[in-house]
Amino acid sequence: MRTVSYDQFGDPADVLRTQEVEAPAPASGEVLLRMVLSPIHHHDLWTIRGTYGVRPELPARPGSEAVAIVEALGEGAQGVAVGDRVAATAVPGTWAELFTAPVASLIPLPAELPDEAAAQLVAMPFSAVSLLEHLALAPGEVLVQNAATGAVGRLVAQFAAARGLRVISLVRRTDGIEELAEQGIGDVVATDHPDWEAQARALIGDAHVAAGLDSVGGEAAAQVMTLIGDGGRLVVFGAMGGSVMSLPSGPIIFRDLRVEGFWGARVSTRMDAALRRRLVEEIIRGLLSGEATLPVAATFGLDEAVDAVAATLTDGRRGKVLLRP
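The rules behind each value
- Residues numbered from 1 in each chain as written.
- Predicted model: local features only at pLDDT ≥ 70, side-chain atom pairs only at ≥ 80, totals over all residues.
- Heavy atoms only, no water.
- Helix = DSSP H or I, 4+ residues; strand = E, 2+ residues; numbered from the N terminus.
- Expected span 1.5 Å × (residues − 1).
- Buried < 20%, exposed > 50% of the residue type's maximum accessible area, 1.4 Å probe, protein only.
- Contact = heavy atoms within 4.5 Å.
- Phe/Tyr/Trp six-rings, centres within 6.5 Å; stacked < 30°, edge-to-face > 60°.
- Pairing = 2+ DSSP bridges.
- Salt bridge = Lys/Arg side-chain N within 4 Å of Asp/Glu carboxyl O.
- Axes fitted to C-alpha atoms, helices over the stretch in contact; angles between N-to-C directions.

Colleague: Kindly report on helix α11 (residues 273-289), identifying the contributing residues and their values.
Modeller: With 17 residues, α11 extends 24 Å from end C-alpha to end C-alpha; this agrees with the ideal 24 Å at 1.5 Å per step. Here α11 has its buried residues at Leu279, Val280, Glu282, Ile283, Ile284, Gly286 and Leu287. Buried residues belonging to α11 abut β7 (106-108), α4 (123-135) and α5 (151-162). Directly after α11, the chain includes Gly290, whose backbone phi takes a positive value near 90°.

Encoded structure:
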């Protein structure tokens, strides 16, 4: 079979290669899966660079999520059958024609859910709904987020609306406002405008902003903090713009603001099974109803993995980049 792999950490453009290897065999409690589509997430790229929260043993095969067809069952694997279409998540090595996964990690898929959405079913949508669950805001409350054109940002806005919350979304570019409007997302402010803060406060009005979400870092985190109301929380779950946050001390002290981290992978592993099931059902309902969307920017073959990574890192990309066998 063909797989993407790397034998040292570094820039994906330098270390990724596609090669022929022996197909894996499923161990006890595992299944062998044939990949249909697999997304390129930013945490996949951080893992390849060696900068993510976990570092795989080298050589390694990248990828962490896919829609796939069950090819074979390992001993004791129950609950799925050969030929079933499933979503595999939090599984290493999905950028390959074949890979193995614990049967317990698989999610059966409704027939009406397209492959392009099924491939992205968990990582970004689950991060979005987990964040909203973590915030525990009541219907009618307001939150502010940056990186709103990113996959999680779009989904936070969409799932928050379905939960009765209001989201003020910050984007770096003015054309991001139109981009989000195409997905039915409003209350968006572009921070490249000189009076962006006044625009944001006009949208907020008399409402109290209970929380802010930051996935950029750097100065962008302070932009979100500026809009949070007294006693509010800044929840940090990414660092796309830099690993150092620049936050003013005054608001934290005098407005009693709290700064906390959120790592979706850790939250997911500690989550109660019933809550996980409820959140996955919320995601599938949202996708089938059209309340939430998972656009695709481009699809590349495994032999084009380096080009696919370059497309993922292109500024202004609209949607996820996927890999096909």
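Now that the structure is up, let's keep going.
Colleague: Tell me about the packing of aromatic side chains, and please be specific about residues and values.
Modeller: The final tally for this structure, using the stated rule, is three aromatic pairs. Measuring from ring centre to ring centre gives 5.9 Å for Tyr52 and Trp263, while their planes differ by 85°; the resulting arrangement is edge-to-face. Here the residue Tyr52 occupies a position in the loop between α2 (42-49) and β4 (65-73), and Trp263 occupies one in the loop between β13 (258-261) and α10 (264-270), the gap between them amounting to 211 residues. Each member of the aromatic cluster is reached from another via a ring pair, and the members are Trp46, Tyr52 and Trp263.

Colleague: Talk me through the pairing of strand β12 (residues 233-236); I want residue IDs and the actual numbers.
Modeller: Neither face of β12 is exposed, since Arg233 and Val235 on one face and Leu234 and Val236 on the opposite face are all buried. The pairing of strand β11 (residues 209-214) with β12 spans four bridges and is parallel. Bridge pairing in β12 places Leu213 opposite Val235.

Colleague: Outline the environment of Ala220, supporting the account with residue identities and numerical values.
Modeller: Structurally, the position occupied by Ala220 is in helix α8 (residues 218-227). Classification of Ala220 as buried rests on a relative accessible area of 15%. For the pair Ala220 and Val171, spaced 49 residues apart in the sequence, the C-alpha separation amounts to 9.9 Å. What Ala220 contacts, discounting residues up to four positions off in sequence, is Asn146 and Asp214.

Colleague: Which residues make up the environment of Glu116, and what values do they have?
Modeller: One can find Glu116 in helix α3 (residues 115-118). Using a relative accessible area of 39% as the deciding quantity, one classes Glu116 as partly exposed. Ignoring any residue separated from it by four or fewer positions in sequence, one finds Glu116 in contact with Leu37, Val296 and Leu322.

Colleague: Requested: an account of the environment of Ala119, with residues and values cited.
Modeller: Residue placement: Ala119 occurs in the loop between α3 and α4. In this structure, Ala119 is in contact with Leu37, Pro39, Glu65, Ala66 and Val67, ignoring residues within four places of it in sequence.

Colleague: Give me the lowdown on the pattern of salt bridges, citing residues and values where you can.
Modeller: What the rule picks out here adds up to 18 salt bridges. A salt bridge links Arg255 to Asp230; the nearest nitrogen and oxygen atoms lie 3.8 Å apart. You can see Arg255 sitting in the loop between α9 (249-254) and β13 and its partner Asp230 sitting in the loop between α8 and β12, a full 25 residues away along the chain. Taking relative accessible area as the criterion, Arg255 reaches 22% and is therefore assigned partly exposed. According to the relative accessible area criterion, Asp230 is exposed, its value standing at 53%. One continuous salt-bridge network, built from bridges that share partners, spans Arg154, Arg173, Asp175, Glu179, Glu182 and Arg318.

Colleague: Any chance you could break down unusual backbone geometry for me, citing the residues and the numbers?
Modeller: Of the consecutive residues Leu58 and Pro59, the connecting peptide bond is found in the cis state with omega at -5°. Tracing the backbone shows Pro59 in the loop between α2 and β4. The backbone of Ala136 shows a phi angle near 55°, a positive value even though the residue is not glycine. Looking at where Ala136 falls in the secondary structure, it is placed in the loop between α4 and β8 (142-145). Accessibility expressed as a relative area gives 60% for Ala136, which makes it exposed.

Colleague: Account for the sheet that holds β11, with residues named and values stated.
Modeller: The strand order β10-β9-β8-β11-β12-β13 describes an open sheet built from six strands, whose pairing is parallel. Looking at the sheet topology across the chains shown, the edges are occupied by β10 (188-190) and β13. Going from strand to strand, the sheet's axes swing by 20° on average, the running direction of each strand aside. Across the sheet, α4 is in contact with β8, β11, β12 and β13; its angle to β12 comes to roughly 150°.

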